[in-house]
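Residue-level listing of the chains:
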Amino acid sequence: MNGYGDMRGLRVLFVENDPALLGLLSESLRIQPGIEQVTPALSAKDVSIKDAIRYDVALLDVGLGSESLSGIEVGFQLRARNPNIGIVLFSQLITSAIQASLPGDTGHGWSTVSKSADLSMDYLVKVLVATAKGLNVMEPKATSLGDAAEAPNRISKLSSKQQQIMSLVASGLDAVEIANRLGYAAVTIRQELSKAYKVLVPNPTTGTDLRTTAVLNYLRESRGATYHD
Amino acid sequence: MTSWFKKALSDLGPWPIRSKEISIVFSLFILTAVTVVEINSPVNGVTLNAFEGLAKGLPGAVLAAFVTYITLAISAWITDKNPSHTTAIYFVAALVLAVIMLLTRVVVVTLFNFNVNGQLTAGFPLFWVAVVFYFVINISLGKSNAKLQAQVDHTKFLLDQLEIQRGKIIDAQEQVRKEIATYLHDGLQSQLVVLGLQMRNAAKNMPPEQLAIANSFIEEIEHIRRVDVRKASQQLSPDLQQISVTAAIRDIADRYSPEVKVAIGIDSEIQSPALPERTKLALYRIAEQVILNAAAHGQARNVWLSIAADGDHYNLQIANDGLPLDESQRSGGGSAIISSWVDYLEGTWSLIQVPGQQVLFQAKLKLKPAVA
C-alpha cells in the first residue's frame, strides 16, 4: 500500500539461499522500471526483521535450507512488524498445499510465484507491485505432485515416415536435404513436417518456434521411451 | 593352583538338579547290577536265567527310581523357593539322596528277600555310587547345557548384529537417496532456473525469429526442471512431509502404467498426513518393492493394493496376477528390504501363492511404532 501511487518505485527485500539466483534476479529486478531498490539476503539470518518497515514488498524463497526458518515463517515475522508489507512466496514447487496454508483472514498481500526457468521479469514485477498494493496473486501453475506424471506418447501417433523425417530434422538437416536423402520431393517433406508439428506441438504458444519446439518434444519423448528401465 | 581349585569347585556345582535323568539312569544301573549279581550267584545249585534275574531286580529298581525322583524333585522345589540357598541345598541334596538310598536298600533287601551274595550286597558302596551319579549327571548335563546356551546366546547376538547392520545399510541407502534428491530438487532445479533467466536476458535483443527459437529452448529447460528433475527427485526419495502415503503410492503406480495396472484402496486414517514421516516411508518402500517384484519377476498385468485397519494393526495386502511364485521371488534381495521395514513397523509378512489364483503379499503392521 506504500508508495506506488506517489510515483516512487518499489523497495524490495529478496531472500534466496541460492547465491547465483539471488545475484541474477536482484540485478534483473533493479533495472526494471518501477523498482527503486532491491535488498538481497542469502538467508533468514541476514534479514533484519526490525527493518521490515523499510520495504514495500518481500520476495521470499520458501525453502531456505533445512536448518533455517522457511520463507513463510520469515513472511509472518515481517508482516508482524510491518502490517503493510506485501509478501511474495517464491518456490520451485508452489503446491496447492502451500497456497492453502497461507492465512485466510490476513491473506492481504500474500502472493505466490513459481520459481521456473521461463519466469518473465515483467510478470514478476507485476506480481510484486500488485502484492505491495495489498492484492493476492496466486501462481496459476500451482500443482499437485501427481501432475509430473503426464507423459503423452505423441511419437507413436506419427507415421513411420514422419518419424523418419523427424529424426533427420533433429539431427539438423533441412527439408531439402531430407528430400534428397529419402528420395522425395521437398514439398512432400514440408507437408509431412507440418503434419508432424501438429502432432508434436498440439497447442503452440505464441513467441516460440514451432520447428524447434517440435524437435525438442520429439527428442524428449524418444529419450523418455527408455526412462522407466 | 588356587584358581585351578576354585575352578574345580565351581565345576562341581551348583547346577540345576536333574531329578528325571538321575532317577532313570540310577535305577537302570541298579537293575543291571542286581540282575548281573543274581544270574551269576547260583543258590542251592539253581542258576537264574536272564529273565528271572531281571524280574528279581525290577521291583528294587522301580522303587529306587521312585524314591530318587521324589527326593530330588523335592530338593529342586526347595531350591526354587529359596534361590539364595541354592548352593547349600544342591550339596545337601546329594547327601540326603545317598542316605535315602541306603535306607531303601535295607527296605528292599528285607521286602524282597535277596538270597544272594550277601557280601556283595552289603559291601556295595551304594552311598558313594549315589553321590557320584548325582554329581556326574548334574555336572555333565549342566555344563553341556551351559555350552549350548552360550552358543545360542552368541548366535542370537550375531543375529541382532546382523539386524542392526541391515538397518544401518537401509538407513545409509535412504540417506544417499535423500541427498541426491535434495541436490536434484534444490541444486539442479535452481541452476536450471538461473540458466533460463540468463538465456532470457541474453535473448532480449534478438530478432523475433531467433527469439522464438530461444524461447523454445527456455521452455524445454523449464520442462526438464518441472517434470524430469522433479520426477527423478521424487522417485529417489518422495517428499513424504508434504504428501500422503496414498499420493506417494499412486506415484509408484504411475511409474508402471500402462504396462501394469495398480488398483489402490487405502483406509482414510492412513491417508492422513499426520502419520510419522518414517512410517509413511516404510509403507512406501514396502509397496515399492512388492510392486517391483510383481512387475519385474512376476510379469504381472494387474496389481491390487489395500491397506485396512484391523484393531491396533493394519493389514497391507498386495495381490498380483503374475507368474506363480518361484524361489527367486520368495528370497531375493528385495525381501531383506521388506523385512527391515516390516520390522520397523513391528510387524510380520508373508508371500503366498493362492492356489490357482494370485500371488499375495500380506503384512500385519503397527502404524505407530513404540520407538520413535
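Everything numeric in this text was worked out from a predicted model, so none of it was measured. (Residues numbered from 1 in each chain as written. Chains lettered and ligands numbered in written order. Predicted model: local features only at pLDDT ≥ 70, side-chain atom pairs only at ≥ 80, totals over all residues.)

## Details of the overall build of chain B
Next, step 1: Assigned secondary structure in chain B consists of 12 helices and 5 strands.
Next, step 2: Within chain B, buried positions represent 30% of all 372 residues.
Next, step 3: Counted over contacts in chain B with a minimum sequence separation of 6, partners at least 24 positions apart contribute 71%. (Helix = DSSP H or I, 4+ residues; strand = E, 2+ residues; numbered from the N terminus. Buried ≥ 20, exposed ≤ 12 C-beta atoms within 10 Å, placed from the backbone. Contact = placed C-beta atoms within 7 Å.)

## A short note on the overall build of chain A
Next, step 1: Summing up its helical and strand segments, chain A has 8 helices and 5 strands in all.
Next, step 2: The order of α-helices and β-strands along chain A, N terminus first, is β-α-β-β-α-β-α-β-α-α-α-α-α.

## Structural notes on the packing of helix α6 (residues 175–182) of chain A against helix α7 (residues 186–200) of chain A
All names here are of chain A.
Next, step 1: At their nearest, the axes of α6 and α7 sit 8 Å apart, and the two run at 115° to each other. Judged by the inter-axis angle, α6 sits roughly perpendicular to α7. Crossing of α6 against α7: the hand is right-handed. In this structure, α6 contributes A175, V176, I178 and A179 to the contact, and α7 contributes A186, I189, R190 and L193.
Next, step 2: Grouping the constituent residues of the contact of α6 with α7 by class yields 7 nonpolar, no polar and 1 charged. (Axes fitted to C-alpha atoms, helices over the stretch in contact; angles between N-to-C directions. Parallel < 35°, antiparallel > 145°, perpendicular 65-115°, else oblique. Left-handed = near helix turned anticlockwise from the far one by under 90°. Nonpolar A, V, L, I, M, F, W, Y, C, P; charged D, E, K, R; others polar.)

## Structural notes on the sheet that holds strand β1 (residues 261–266) of chain B
Residues and elements named next belong to chain B.
Next, step 1: The strand order across the open sheet formed by 5 strands is β1-β2-β3-β5-β4, and the pairing between neighbours is mixed. The sheet terminates laterally at β1 and β4 (348–353), the two strands that pair on one side only. Sheet twist, expressed as the mean angle between neighbouring strand axes with direction ignored, is 10°.
Next, step 2: As judged from the 8 bridges shared by strand β2 (residues 302–310) and strand β3 (residues 313–320), these two strands associate in the antiparallel manner. Looking at β3, one finds that A309 is bridged to Y314. (Pairing = 2+ DSSP bridges.)

## Here we look at the sheet that holds strand β5 (residues 110–114) of chain A
All names here are of chain A.
Next, step 1: Taken in spatial order, the 5 strands make up an open sheet running β2-β1-β3-β4-β5, and their pairing is parallel. Each of the sheet's edge strands pairs with one partner strand only, and the pair in question is β2 (35–41) and β5. Across the sheet, the mean angle separating the axes of adjacent strands is 20° when strand polarity is ignored.
Next, step 2: The pairing of strand β1 (residues 10–15) with strand β3 (residues 57–61) spans 4 bridges and is parallel.

## Focus on the nonpolar core
Next, step 1: The biggest cluster of nonpolar side chains holds 43 residues, and the ones touching the most others in it are V12, V57, A58, L60 and V88 of chain A.
Next, step 2: With near-sequence residues (within four places) excluded, V88 of chain A lies in contact with V57, A58, L59, L60, S111, V113, V127, L128 and T131 of chain A.
Next, step 3: Residues I252, V262, I286 and I337 of chain B belong to the second largest nonpolar core, which totals 36 residues. (Core = buried A, V, L, I, M, F, W, Y, C linked by C-beta atoms within 7 Å.)

## Here we look at the interface of chain B and chain A
Next, step 1: Of the residues lining the interface, 34 residues belong to chain B; the matching set on chain A comes to 26 residues.
Next, step 2: Only α6 (126–203), α7 (208–236) and α8 (245–256) of chain B provide two or more residues apiece to the side of chain B that touches chain A.
Next, step 3: Top element by residues in the side of chain B that touches chain A is α7 of chain B. It accounts for 16 residues.
Next, step 4: Tallied by class, residues from the side of chain B that touches chain A come to 13 nonpolar, 9 polar and 12 charged.

## Notes on the packing of helix α2 (residues 19–39) of chain B against helix α3 (residues 50–81) of chain B
Residues and elements named next belong to chain B.
Next, step 1: Contact pair α2 / α3: the axes reach a minimum separation of 7 Å and the direction vectors enclose 155°. With respect to α3, the axis of α2 lies roughly antiparallel. Here the hand of the crossing between α2 and α3 comes out right-handed.
Next, step 2: Residues that form the contact of α2 with α3 fall into these classes: 18 nonpolar, 8 polar and 3 charged.

## Re the environment of K280 of chain B
Residues and elements named next belong to chain B.
Next, step 1: Relative to the helices and strands, K280 resides in helix α10 (residues 277–296).
Next, step 2: Residue classification places K280 among the buried residues on the basis of 22 C-beta atoms within 10 Å.
Next, step 3: In this structure K280 touches L240, V245, A248 and L275, once residues within four positions along its chain are discounted.

## Things to note about unusual backbone geometry
Residue and element names in this part refer to chain B.
Next, step 1: For Q299, which is not glycine, the phi torsion reads 50° and is therefore positive.
Next, step 2: As for its placement among the helices and strands, Q299 is situated in the loop between α10 and β2.
Next, step 3: For Q299, a count of 13 C-beta atoms within 10 Å puts it in the partly exposed group.
Next, step 4: Phi is positive for E346, which is not a glycine, with a value near 50°.
Next, step 5: Position of E346 relative to the elements: it lies in the loop between α12 (333–344) and β4.

## Considering the environment of R190 of chain A
Next, step 1: Position of R190 of chain A relative to the elements: it lies in helix α7.
Next, step 2: Distance in space between the C-alpha atoms of R190 of chain A and A179 of chain A is 9.1 Å, their sequence separation being 11 residues.

## Structural notes on α2 of chain B
Next, step 1: Taking 1.5 Å per residue, 21 residues should reach 30 Å; α2 of chain B reaches 30 Å between its end C-alpha atoms and fits that length.
Next, step 2: Looking at the buried side of α2 of chain B, the elements it contacts are α3 and α6 of chain B. (Expected span 1.5 Å × (residues − 1).)

## Considering the confidence of the model for chain B
Next, step 1: Of the residues in chain B, 92% have a pLDDT of 70 or more, and the chain-wide mean is 84.
Next, step 2: At the level of chain-chain contacts, confidence expressed as ipTM amounts to 0.71, with global pTM at 0.60. (pLDDT = per-residue confidence, 0-100.)

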